[in-house]
Amino acid sequence: MGLDHPLVGIEWIVTFILMIIVIHLRERGYRPASLYGLMLGGIVSYGFGYFGETPLNFNVDSFMYMLLPPIVLQSGLNFKWDHIKNSWGTALSLAWFGTCITAAWVGYAVYISHDINHFILALWLGAILGPTDAVSTRESVKDLNHKTKMVLEYESILNDAASIMIVHICQQIWFNSLKIDSKDIVEIIGFNILLLFVSIFTGILCAYIASKTIENTTVVFSLALLSYAFCECIRSSGIISIFSFGIMFQYMSAKKYLKEIKIISKSFSEFAEVYIYISIGVIVILTEFKYIMVGFTVILACFTSRIFSVFMVTFLSSFIGTSYSCLDKITMSISGVRGALSLTLALSAPPHMKEIFITATTIELLFSMFCVITWSRILIFFSPSAN
């Protein structure tokens, strides 16, 4: 949109009005707010599309470097070992093994069912759909029991790194014209795992510096974002880095100062959450219905792989003393909500595959949101407190 266009500035007016509406709906108990933000953003973008302009824009760099980091930082600052010590193994296993299983199974299902020339492209799509979404999950699981809620929340934070790593591997293989042998693949995987440790170290180092310098909130947030940006720059995981920053900072800093940081971080995080889902409504309207069958394949593959991952991980966790009821397992199986990161990664697809990736991701996102909303309402309705 040019500077001389009569709609200059209306983007922000429309965005802030929609944000107020979404926040109002959330305060009235309509969750997840991400669904309503997504729908409103899509409707407005689609409506204005008839006039050749859209008042909303989604910028990938803004999402990755300015909007996503505060959300992850807030989770790190509120991390409590006492809350997750009995379920961290389940959360970590679902985040890594579950994401890898979903990526492989979705990739295989799409590859054998549709006209995809190379398996690496199908695996790329599977990796995009592997992670559950931190924002939608956090809102959707508020009414669940504490143990299940902790597993789902921390899984949704930790699995982003696994998904991005697989996407990076697929990109390297694809853009090297598939001329990579098994030895090269092992080296790529090993290098990416090494980068994860670099991310953790970077986050801890920046947190240490932030806690030992003058008590200045701007310095703290700048160092947190610096750790994130540095790791993303070297193609490591900025998410793991800033999450590690949040965890270490809360243990290193004074309680009074930490409380101030948490208040500011929470405000940034809530603003980013609402803005993200309104703005990605622009991506949703790029859906091409000619690829809807790919979307249905993805729904079935994601759902079956999620059930398998949850029941496998919880079965193994029972051997180390952490057991889950059948209701907990069903809830974790249904609560695999996809979100903004998946849609953002879909934009990284090769040009000839972008419409397929966006369509499949959008359909799975909406279906997973519908499932978790429906199931949470059922649980609330039949809970003892509701009777």
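Residues numbered from 1 in each chain as written. Predicted model: local features only at pLDDT ≥ 70, side-chain atom pairs only at ≥ 80, totals over all residues. Heavy atoms only, no water.

Peer 1: For this particular structure, what's the right way to read the packing of aromatic side chains?
Peer 2: The relative placement of two aromatic rings is captured by the distance of their centres and the angle of their planes. For the coordinates displayed, the defined rule picks out twelve aromatic pairs. Seen from their ring centres, Phe 79 and Tyr 154 are 5.1 Å apart, and the 75° between their planes marks the pair as edge-to-face. Linking Phe 79 in the loop between helix H3 (60-77) and helix H4 (81-84) with Tyr 154 in helix H8 (residues 146-175), this pair joins segments that are 75 residues apart in sequence. Tyr 154 carries the same exposure label as Phe 79, and that label is buried. Between Trp 124 and Phe 357 the ring centres are 6.2 Å apart and the planes differ by 80°, which places this aromatic pair in the edge-to-face class. Of the two residues, Trp 124 is situated in helix H6 (residues 119-128) and Phe 357 in helix H17 (residues 354-382); the sequence distance between them amounts to 233 residues. (Phe/Tyr/Trp six-rings, centres within 6.5 Å; stacked < 30°, edge-to-face > 60°. Helix = DSSP H or I, 4+ residues; strand = E, 2+ residues; numbered from the N terminus. Buried < 20%, exposed > 50% of the residue type's maximum accessible area, 1.4 Å probe, protein only.)

Peer 1: Help me understand unusual backbone geometry in this model?
Peer 2: The phi angle at Arg 235 is positive, at roughly 65°, despite the residue not being glycine. Along the chain, Arg 235 turns up in the loop between helix H10 (217-233) and helix H11 (238-252). Look at Arg 235 and you get partly exposed, because its relative accessible area is 40%.

Peer 1: For this particular structure, what's the right way to read the nonpolar core?
Peer 2: Across soluble globular proteins, nonpolar side chains have a tendency to be buried as a group. Counting 105 residues, the largest nonpolar core has Phe 245, Phe 249, Ile 280, Val 298 and Phe 357 as the members making the most contacts within it. Sequence-distant contacts of Ile 280, that is, excluding residues within four places in its chain, are made with Leu 38, Phe 58, Ala 340 and Leu 343. (Core = buried A, V, L, I, M, F, W, Y, C linked by side-chain atoms within 4.5 Å. Contact = heavy atoms within 4.5 Å.)

Peer 1: Which parts of the structure should I look at to understand the environment of Ser 279?
Peer 2: Mapped onto the elements, Ser 279 comes out in helix H12 (residues 255-279). Each C-alpha atom, one on Ser 279 and one on Gly 41, is 6.0 Å from the other, the two residues being 238 residues apart in sequence.

Peer 1: Just to check I follow, could you spell out the pattern of salt bridges for this structure?
Peer 2: A full pass over the atoms with the stated rule returns two salt bridges. With a closest N to O distance of 2.6 Å, Glu 155 and Arg 306 form a salt bridge. Separated by 151 residues along the polypeptide, Glu 155 in helix H8 and Arg 306 in helix H14 (residues 292-317) bring together distant segments of the chain. The same class applies to Glu 155 and to Arg 306, which are both buried. (Salt bridge = Lys/Arg side-chain N within 4 Å of Asp/Glu carboxyl O.)

Peer 1: Would you mind showing me how to read the confidence of the model for the protein here?
Peer 2: Atomic detail in the predicted coordinates should be set aside for any region of low pLDDT. On average, residues of the protein score 82 in pLDDT, and 89% of them reach the 70 mark or higher. The low-confidence segment residues 1-7 (pLDDT under 50) makes eight contacts with residues lying over four places distant or belonging to another chain. (pLDDT = per-residue confidence, 0-100.)

Peer 1: Which parts of the structure should I look at to understand the side chain of Ser 253?
Peer 2: By the secondary structure assignment, Ser 253 is in the loop between H11 and H12. In this structure Ser 253 comes out as buried when scored by relative accessible area, which is 11%. Within the local environment of Ser 253, its side chain forms a polar contact with the backbone oxygen of Phe 249, the two atoms lying 2.8 Å apart. Among all residues touching Ser 253, those that are not within four sequence positions of it are Ser 211 and Leu 258. (Polar contact = N/O pair within 3.5 Å; in protein donor to acceptor, adjacent residues only side chain to side chain.)

Peer 1: Is there a simple way to think about the packing of helix H5 (residues 88-113) against H8 in this case?
Peer 2: When two helices pack together, their arrangement is given by the angle between their axes and by how far apart the axes lie. At a minimum axis separation of 8 Å, H5 and H8 run at an interaxial angle of 40°. Considering their axes alone, H5 and H8 lie oblique with respect to each other. Note that H5 runs across H8; the crossing there is right-handed. For the pair H5 and H8, the contacting residues are Thr 90, Ala 91, Leu 92, Leu 94, Ala 95, Trp 96, Thr 99, Cys 100 and Ala 103 in the first and Val 151, Tyr 154, Glu 155, Leu 158, Asn 159, Ala 161, Ala 162, Ser 163, Met 165 and Ile 166 in the second. Its residues placed into classes, the contact of H5 with H8 shows 14 nonpolar, four polar and one charged. (Axes fitted to C-alpha atoms, helices over the stretch in contact; angles between N-to-C directions. Parallel < 35°, antiparallel > 145°, perpendicular 65-115°, else oblique. Left-handed = near helix turned anticlockwise from the far one by under 90°. Nonpolar A, V, L, I, M, F, W, Y, C, P; charged D, E, K, R; others polar.)

Peer 1: Teacher, can you tell me more about H10 here?
Peer 2: Given 3.6 residues to a turn, an α-helix orients residues that are three or four positions apart in the same direction. With 17 residues, H10 should cover 24 Å at 1.5 Å per step; its first-to-last C-alpha distance of 24 Å lies within 8% of that length. Those residues of H10 that fall on the buried side of the exposure criterion are Thr 217, Val 220, Phe 221, Leu 223, Ala 224, Ser 227, Tyr 228, Cys 231 and Glu 232. The N-cap residue of H10 is Asn 216: its side-chain oxygen and the backbone nitrogen of Thr 218 are 2.9 Å apart. Taken from the residues just after H10, Arg 235 is the one with a positive phi, measuring 65°. (Expected span 1.5 Å × (residues − 1).)

Peer 1: Looking at this structure, how should I read the packing of H10 against H12?
Peer 2: Axis separation between H10 and H12 bottoms out at 11 Å; the angle between their running directions is 60°. With respect to their mutual orientation, H10 and H12 come out oblique. Read as a crossing pair, H10 and H12 show a hand that is right-handed. In contact with Thr 217, Val 220 and Phe 221 of H10, H12 contributes Tyr 257, Glu 260, Ile 261, Ile 264, Ser 265 and Phe 268. The residue inventory of the contact of H10 with H12, partitioned by class, reads six nonpolar, two polar and one charged.

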